[in-house]
Every structure is written in C-alpha cells, then in structure tokens.
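Below, each chain spelled out in residue letters.
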Amino acid sequence: MKRLLVAVLLVITACSTPQPEPHAQITQHDPAFQKTFRHEFAEVDGLNIHYVTGGSGTPVVLIHGWPQTWYGWWPIMPALAEHHTVYAIDLPGLGDSTGTPKGYDKATLARYVHALTSKLGLRDASIVGHDLGAAVAFQYASQFPQDTARLGYLDLPLPGPAIDARTYRSLSWHIAFHSQREVPEAIVQDDVRDYLRLFYPQVAYQGSAFGGTSTKSPFADNEIDEYARTYGKALSNGFELYRALDQDVRDTEKALPAQAPTLVMAAEGQAEAIKGTAAPRMTNIVRALDVPKAGHWLVEENPEFVTAELLRFLSS
C-alpha cells in the first residue's frame, strides 16, 4: 500500500510539473542556452515573430533557410555571442512564428525582418543569411542600406540577373518539386519527418546533390525531430518560399545593389559559382570562400570554420 501511495504521488508530481512551451523544449536541458540565450516573441505588422537572442556587443541578425528554423544557427551561436548580441529569428510563418505574411517573396520577408529589428531598436546590424534566408538577407541589405553594417551570404545561388526562374528550377529536383502547387503537400504531409530525414544527407558533404554517394546526415535525431515539429505544422509555408521564385527573380533584377561589405561562404568547391550569381547585385564582396568538408549545411558540417570566418569578418 505504501509503495502504491508513493507511486501515485510521483505521478501527481510529474503531472503537476510545468512543461516548457513547444518552442523551448529543444533548449530546456542545454546549459549553453540557459546561460546566455532566451526565447522572445514580438508583434510585427500583425504577425507574432519568434526569435532567440543573447550575448553582448554589436548586433548580428541570423536568417535561416529551408527546411530549418532559428535552430539551424545554434552550433555557432554561443561563440558569436561572446563578441556580439545575436538575434536568430524564425521567418514569418515558419518555425514558431505565427501569422500569415503578405508574401513569401524574399523582398517582402526582408521588410518583416526590418520591422522586427526596428522594433528592437537595432541600427547598423550585420545581417547573415543561409540558403533562402541568404536571399532575404540580400534584400534587407538592398532595401535598408542605412541599417546594414555587413552582409553574410551563405550558400545560395542568387535568383536574378545571372539565373532566371526557369533555369533556377532546373538546378535541383527539390526546387522544381517544391515549386509545384499542392503536389508536395499531398506527397509529404503524412511523412514530414521521413522526408526531411532523407533530404538532409542528399545536400550534405559528398551527398548525391554533389555527385557523391554518402548518405551520412549532419543532423542528430533530436534536431530532425525539432524541424519536423515546426514544418509539420507549416508545411505549405515552407514550400511557398520556392513558389515565390519568379517574383524573387523580378525583385532581384530591380533591386538596388547591396553595398555593405559582404562575405560569401559556400559548400566546398562552390564559392566561385555562388559569387558569380551574387556579384551583379552585391558590389562589395570582400571575401568568397569554400567551407572545407561541408556540403550545403555549412554551420552543422564545419561550425569551427564558419565561426572563425564570421568572427573575422564581423570584426574587420
């Protein structure tokens, strides 16, 4: 009877222990996060934007791509926060940001990001983007040069003058697939985690996208779980990033050149090609370099190298 009573009390205690909100579960047991960072939300133009911030020093804004969230920057955030105040955001409609933006074209998303940074009182921030988030970062630097100290552009051929939309869709099967209406949702919606689990290795170092045969993923199971959690509830929003490609090309073609000092980083062997697509709209590329032994997932595959190069660039 005594054992039964103890068991009941343990159950009651466990049930009464407050559980973290879903957005905080991935970080609840991470001492590096608890020491320096915090989750925040801000109302911006009718949307609720989730971001993570911490550290001290000049501001650095980190913008993720697909299929990731703010958490895609986590491997390098503690080191950056030793020298800078870091703001890693969830793009509107993605991650744990809620509400429907007016569009998923990168020029519109950049205006939401700027509205957030303005609300936070940030001036002269360094803007760093990866994948489709790099296109958002470019648009931010183009539209708001007075508020852009530096531009970090990571691993994305820039849609625009160098690559039209039709050619861009031919670069990879997933770009063409995600651009279709309704089809990717119909195929993926019941198996979001499996889809992401299989996708990540393809564009990793020596994966099939780079002509290799590796099936090794740079993502741990809990990381895949986190991305599956967020994309599982906003699957279409992620695909809309690709469906905006035609508008992205038009917007890039008419955009003012970004004049902020710019660092380009890309998968091993890809920096010159990426720079070639960026240079027509980024007139102050101070450095373009490959990330050794990294495919598309630069931050996960070689965090030490990416951190060192970013810190050097941000302090120069």
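> Kindly report on the layout of surface pockets, identifying the contributing residues and their values.
Approximately 600 Å³ is the volume found for the largest pocket. Lining the largest pocket are 29 residues, and of these Pro 157, Leu 171, Ser 172, His 174 and Ile 175 sit closest to its centre. Going through the elements one at a time, helix H7 (173–178), helix H11 (235–243), helix H12 (245–254) and helix H13 (271–278) are the ones with two or more residues in the lining of the largest pocket. With three residues, H13 is the largest single contributor of residues to the lining of the largest pocket. When the residues that make up the lining of the largest pocket are grouped by side-chain class, the tally is 20 nonpolar, five polar and four charged.

> Give a detailed account of the pattern of salt bridges, specifying residues and quantitative values.
With the rule as written, the count across this model stands at 15 salt bridges. With its nearest N and O atoms 2.9 Å apart, the salt bridge here joins Asp 96 to Lys 233. A residue pair is termed long-range when its members are at least 10 positions apart, and Asp 96 in the loop between strand E4 (84–89) and helix H4 (106–119) and Lys 233 in the loop between helix H10 (221–232) and H11 qualify at 137 residues. For Arg 169, the salt bridge goes to Asp 246, with nearest N and O atoms at 3.0 Å. Here Arg 169, found in helix H6 (residues 165–169), pairs with Asp 246, found in helix H12; they are 77 residues apart in sequence, far enough to count as distant. Owing to a relative accessible area of 32%, Asp 246 belongs among the partly exposed residues under this scheme. Here the salt bridges do not stand alone but share partners, grouping Asp 96, Glu 226, Arg 229 and Lys 233 into one network.

> How would you sum up the packing of H4 against helix H5 (residues 132–143)? Please name residues and give values.
A packed helix pair is summarised by two numbers, namely the angle formed by the two axes and the spacing between the axes. One way to put it is that H4 packs onto H5 with a least axis distance of 8 Å and a crossing angle of 70°. It follows that H4 is roughly perpendicular to H5 by the angle criterion. Crossing hand, H4 versus H5: right-handed. Side by side, H4 and H5 meet where Lys 106, Ala 107, Leu 109, Ala 110, Arg 111, Val 113, His 114 and Thr 117 of the first sit next to Leu 132, Ala 135, Val 136, Gln 139, Tyr 140 and Gln 143 of the second. Classifying every residue of the contact of H4 with H5 by side-chain character gives eight nonpolar, four polar and two charged.

> Describe the nonpolar core, listing the residues and the values that go with them.
Formed by 98 residues in total, the largest nonpolar core has its most connected members in Trp 66 and Met 77. A total of eight residues in this core trace back to one element, the largest contributor, which is H5. Setting aside chain neighbours within four positions, we find Met 77 in contact with Phe 37, Val 52, Leu 62, Trp 70, Val 86 and Ala 88.

> Outline the sheet that holds strand E5 (residues 125–130), supporting the account with residue identities and numerical values.
One open sheet holds the eight strands; their spatial order is E1-E2-E4-E3-E5-E6-E7-E8, and the pairing between them is mixed. The two strands at the open ends of the sheet, each matched to only one other strand, are strand E1 (37–44) and strand E8 (285–291). Strand-to-strand twist of the sheet, defined as the mean angle between neighbouring strand axes without regard to direction, takes the value 20°. Bridging between strand E3 (residues 58–63) and E5 involves four bridges; their strand directions are parallel. Note on E5: the bridge partner recorded for Val 61 is Ile 127. Against the sheet, H13 engages strand E6 (148–154), strand E7 (262–267) and E8, with an angle of about 145° to E8.

Rules of the game
- The numbers attached to residues start from 1 for each chain and follow its sequence in the written order.
- Per-residue local features are limited, in this predicted model, to residues with pLDDT of at least 70; the limit for side-chain atom pairs, both in listing and counting, is 80 or more; totals at the level of whole chains, interfaces and linings are taken over all residues.
- Excluding hydrogens and water, the side-chain values take into account all heavy atoms of the structure.
- Computed over the protein atoms alone on a 1 Å grid, cavities are sets of points where a 1.4 Å probe fits but cannot get out and pockets are open sets with protein on both sides within 12 Å along at least five of seven lines; a residue lines them when it has an atom within 4 Å of a point.
- Grid points are joined across faces, edges and corners, and a volume is the space filled by probe spheres set on the points.
- Secondary structure follows DSSP: runs of H or I at least 4 residues long count as helices, runs of E at least 2 residues long count as strands, and numbering of each begins at the N terminus.
- Asp, Glu, Lys and Arg are counted as charged, while Ala, Val, Leu, Ile, Met, Phe, Trp, Tyr, Cys and Pro are counted as nonpolar; the rest, among them Gly, fall into the polar class.
- Salt bridge, as used here, is a side-chain nitrogen of Lys or Arg placed within 4 Å of a carboxyl oxygen of Asp or Glu.
- Relative accessibility thresholds used throughout: buried, under 20% of the residue-type maximum; exposed, over 50%; partly exposed, between the two (1.4 Å probe, protein chains only).
- Axes here mean lines fitted to C-alpha atoms, for a helix over just the part in contact, with angles spanning 0 to 180 degrees between N-to-C directions.
- Just so you know how the angles are binned, under 35 degrees is roughly parallel, over 145 roughly antiparallel, 65 to 115 roughly perpendicular, and the rest oblique.
- Crossings are classed by handedness, with left-handed meaning an anticlockwise turn of the near helix from the far one by less than a right angle and right-handed meaning a clockwise turn.
- Residue contacts are counted whenever heavy atoms from the two residues lie within 4.5 Å of one another.
- In this description, a nonpolar core means a group of buried Ala, Val, Leu, Ile, Met, Phe, Trp, Tyr and Cys residues linked to one another through side-chain atoms lying within 4.5 Å.
- At least two DSSP bridges between two strands are required for those strands to pair.

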